[in-house]
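What follows is each chain in one-letter form.
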Amino acid sequence: MKVLYQTAGQILITLGSLSVFSGVIAFFPVFSYKLWFTGWSVRIACPIWNGALAVTAGVLLLLSSKQWTQRYLWEACFTFVILSIMGCPLHFAVALESAFLGPYCFYSFSGVAGTNYLGYAVAFPFPYAKFPSLCVDPLHYEEYHLALQAIDLCLSFALFCASLTVFIKISARLIQNGHVNVSFNQREAQRTTWKRRKLNGYSWRPEFTLYRKGGSEAEEATEVETRSGVCLRDDAAPPACTLAGGPGRD
C-alpha cells in the first residue's frame, strides 16, 4: 500500500513539473521574447497553476506515506488532490480550444496582413496542414503552438487519472475507517483478522488479533491481544491479563 502512494506521489510530481515547464515556455513564442504574441490561453497560465497543484499534492502524498499516522498531512493531500481533479478538465478544455483557434501572430494571407488569432483570420478550427506558414512573426509559430497544446492535452489527462486514483484510494479509507490516517501496521494486521466469529464465548471484534490457540478440548487456552494488553482465558480460571509491552506477534 505504501508503494502505491509513493509511486502516485512521484507521478504527480513529475507530471506537474512538466506541466509547469510547458506553461512557462508558452510565454516565449518559438523561444523568442516577443511577449505581445502570447494568447489568451497563455495568459490564463492554466498549465502552471494546475501543475503547481499536482506537485503540491505529490509532495504531500510522499510525506504522508512516510509519516503514515500524521492526520494533517493526509487531509492536506486530500484537499490538493481534489483541487487538481477540478483543475484538470479546465486545463484540457483550454488547451483544446486554443489548439482549434490557432496561435496569435502577425500573419500574411492572400495579400492581407494583420495581427490576430489564425482561427479568426482563416477558418475555425484552424487547418494546420492546409496553411502551414501563415505566421510571419514569429516564424513557425503554428508548429510550436500546436505541439504545446498537444503536450498540455496529454498532461492534463494523465494528471486527472493520477489524481483520481489517489482520490478514490483515500476516499475508500475515509468511508471504511471514518478518517484518512490509518496506521499501516494496524491496517495490515486487521486485513488478516476481520473475520467475525465466536471464540470460546468471546464475541469477535475487529480490534482483537488472534495469536495462538492451543490445548486440549477439556482445557483450552486462548491468547488474544487487545489495545490494553494480552489476556489469557482458561475454562478452569477467570481471564488473566498482562500488559503488552511490545508489538504483537504474527
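Just above sits the structure.
The sections below set out a description of the structure shown in this document. Note that the structure is predicted; figures quoted are calculated from it, not measured. (Residues numbered from 1 in each chain as written. Predicted model: local features only at pLDDT ≥ 70, side-chain atom pairs only at ≥ 80, totals over all residues. Heavy atoms only, no water.)

1. Regarding the packing of helix 1 (residues 2–25) against helix 3 (residues 46–66)
So, point 1. The geometry of helix 1 relative to helix 3 is characterised by a closest axis approach of 7 Å and an angle of 160 degrees between their N-to-C directions. What the angle tells us is that helix 1 and helix 3 run roughly antiparallel. By crossing handedness, the relation of helix 1 to helix 3 is classed as left-handed.
So, point 2. Looking at the contact of helix 1 with helix 3 residue by residue, the classes come out as 15 nonpolar, 11 polar and 1 charged. (Axes fitted to C-alpha atoms, helices over the stretch in contact; angles between N-to-C directions. Helix = DSSP H or I, 4+ residues; strand = E, 2+ residues; numbered from the N terminus. Parallel < 35°, antiparallel > 145°, perpendicular 65-115°, else oblique. Left-handed = near helix turned anticlockwise from the far one by under 90°. Nonpolar A, V, L, I, M, F, W, Y, C, P; charged D, E, K, R; others polar.)

2. A closer look at the state of the cysteines
So, point 1. Throughout the structure, instances matching the rule amount to 1 disulfide.
So, point 2. Linked covalently through their sulfurs, Cys105 and Cys135 form a disulfide whose S-S length is 2.0 Å. The sign of the S-S torsion, about -80 degrees, decides the handedness of the disulfide formed by Cys105 and Cys135: left-handed. Of this pair, Cys105 sits in strand 1 (residues 104–109) while Cys135 sits in strand 3 (residues 135–137), and the two are 30 residues apart along the sequence.
So, point 3. A residue is classified by how much of its surface remains accessible, and Cys105, at 0% relative accessible area, is buried.
So, point 4. On the basis of relative accessibility, which here comes to 3%, the residue Cys135 falls in the buried class.
So, point 5. Cys46 takes part in no disulfide bond, and the closest cysteine sulfur, belonging to Cys88, lies 8.6 Å away. (Disulfide = S-S within 2.5 Å. Buried < 20%, exposed > 50% of the residue type's maximum accessible area, 1.4 Å probe, protein only.)

Read these as geometric descriptors, not functional statements.
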